[in-house]
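Structural characterization, general
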Amino acid sequence: MSQDPELLRRLLRAKDRMDAASHEEWPVRRLARVSGVSGAHFARSFKEAFGVPPHRYLLTRRIERATALLRETDLAITEIAFQTGWNSLGTFGRTFRDVTGESPGELRAREKTVPRDPERVPFCFLSAAHRPDLTIAVSEKRRQDEGYMNGAEEMEVQ
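Presented here is a report on the structure given in the accompanying data block.

What counts and what doesn't
- Residues numbered from 1 in each chain as written.
- Predicted model: local features only at pLDDT ≥ 70, side-chain atom pairs only at ≥ 80, totals over all residues.
- Heavy atoms only, no water.
- Axes fitted to C-alpha atoms, helices over the stretch in contact; angles between N-to-C directions.
- Helix = DSSP H or I, 4+ residues; strand = E, 2+ residues; numbered from the N terminus.
- Parallel < 35°, antiparallel > 145°, perpendicular 65-115°, else oblique.
- Left-handed = near helix turned anticlockwise from the far one by under 90°.
- Contact = heavy atoms within 4.5 Å.
- Nonpolar A, V, L, I, M, F, W, Y, C, P; charged D, E, K, R; others polar.
- Phe/Tyr/Trp six-rings, centres within 6.5 Å; stacked < 30°, edge-to-face > 60°.
- Lys NZ or Arg CZ within 6 Å of the ring centre and 35° of its normal.
- Buried < 20%, exposed > 50% of the residue type's maximum accessible area, 1.4 Å probe, protein only.
- Arc of directions from axis to C-beta.
- 1 Å grid on protein atoms, 1.4 Å probe; cavity = no way out; pocket = protein on both sides within 12 Å on 5 of 7 lines; lining within 4 Å.
- Points joined across faces, edges and corners; volume = space filled by probe spheres on them.

**Some thoughts on the packing of helix α4 (residues 54-72) against helix α7 (residues 104-113)**
- Where α4 meets α7, the axes come as close as 9 Å, and the angle between the chain directions of the two elements is 45°. Here α4 lies oblique to α7, going by the angle between them. For the element pair α4 and α7, the recorded crossing hand is right-handed. Contacts between α4 and α7 pair T67, L69, L70 and R71 from the former with P104, L107, R108 and E111 from the latter.
- Residues belonging to the contact of α4 with α7 are distributed by class as follows: four nonpolar, one polar and three charged.

Structural data, given as C-alpha cells:
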C-alpha cells in the first residue's frame with residue numbers, strides 16, 4: 001500500500017528527530033505530535049513506511065550509537081549506557097547482548113584486538129554492515145534463542 005507523500009515527509013521528520021536525539025525518550029505520543037497525526041495512525045504508518053515499529057527503530061539507533069562509542073572511545077560502559085538513552089546498566093547490558101549476541105564488554109575487547117584501516121572502507125558501509133537487524137522484537141528474539149538453547153540441550157542429553 002502506497003502512502004501519501006505529505007505523510008511520508010512528516011514521518012521522516014519524526015524519524016530525523018529520533019536520529020538526532022536517540023538518547024531521549026520518544027514515546028509514540030511525542031512522535032505523533034512531531035508528525036501531526038494521532039498516535040495509532042503514526043505507529044501504523046511508521047511501520048508501513050520503514051518496516052519496523054518506532055520503538056524498534058529507536059532501539060536500533062541506540063545500539064548503533066553504543067557500539068560506536070564502545071569501539072571508538074574509552075568511556076566507561078555505564079557512561080555509554082546513560083549517554084545512549086538507557087536508565088539502567090542492567091537493561092542496557094541485557095538488551096545489547098540480546099541484539100548483538102555479545103555483552104558490551106565482550107564487543108569492546110574483541111574490537112580492540114582487530115587491526116583497522118578505516119580509510120579503506122567508507123564509514124557509511126561500515127555503519128550499515130554493523131547495523132543490528134531488529135525485524136522482530138527483542139523479547140521474541142530472546143524466546144527464540146532460549147528455545148534453541150533448550151532444544152540443543154535436549155539433543156545433547158539423548
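**Here's the deal with the packing of aromatic side chains**
- As enumerated under the stated definition, the model contains five aromatic pairs in all.
- Ring plane angle 55° and centroid distance 4.7 Å describe the contact between F46 and F50, whose orientation is recorded as tilted. Here F46 and its partner F50 are both found in helix α3 (residues 39-50), four residues apart, which amounts to about one turn of the helix.
- In this structure an aromatic cluster arises from ring pairing among F42, F46, F50 and Y57.
- Sitting over the ring of W86, R62 keeps its end group 5.9 Å from the ring centre.

**So, α7**
- For α7, the full list of buried residues reads P104, L107, R108 and E111. Viewed end-on, α7 has its buried residues packed into an arc of 100°, placing them on one side of the element.
- Summarising the contacts, the buried residues of α7 are in contact with α4, α5 (77-83) and α6 (89-100).

**Focus on the layout of surface pockets**
- Each pocket or cavity is described by its volume, and for the second largest pocket that value is around 250 Å³.
- E25, H55, L58, R62 and G85 are, among the 14 residues lining the second largest pocket, the residues nearest its centre.
- Where the lining of the second largest pocket is concerned, the elements lending two or more residues are α2 (28-35) and α4.
- At five residues, α4 tops the list of elements feeding residues into the lining of the second largest pocket.
- Of the residues that constitute the lining of the second largest pocket, the class distribution is eight nonpolar, four polar and two charged.

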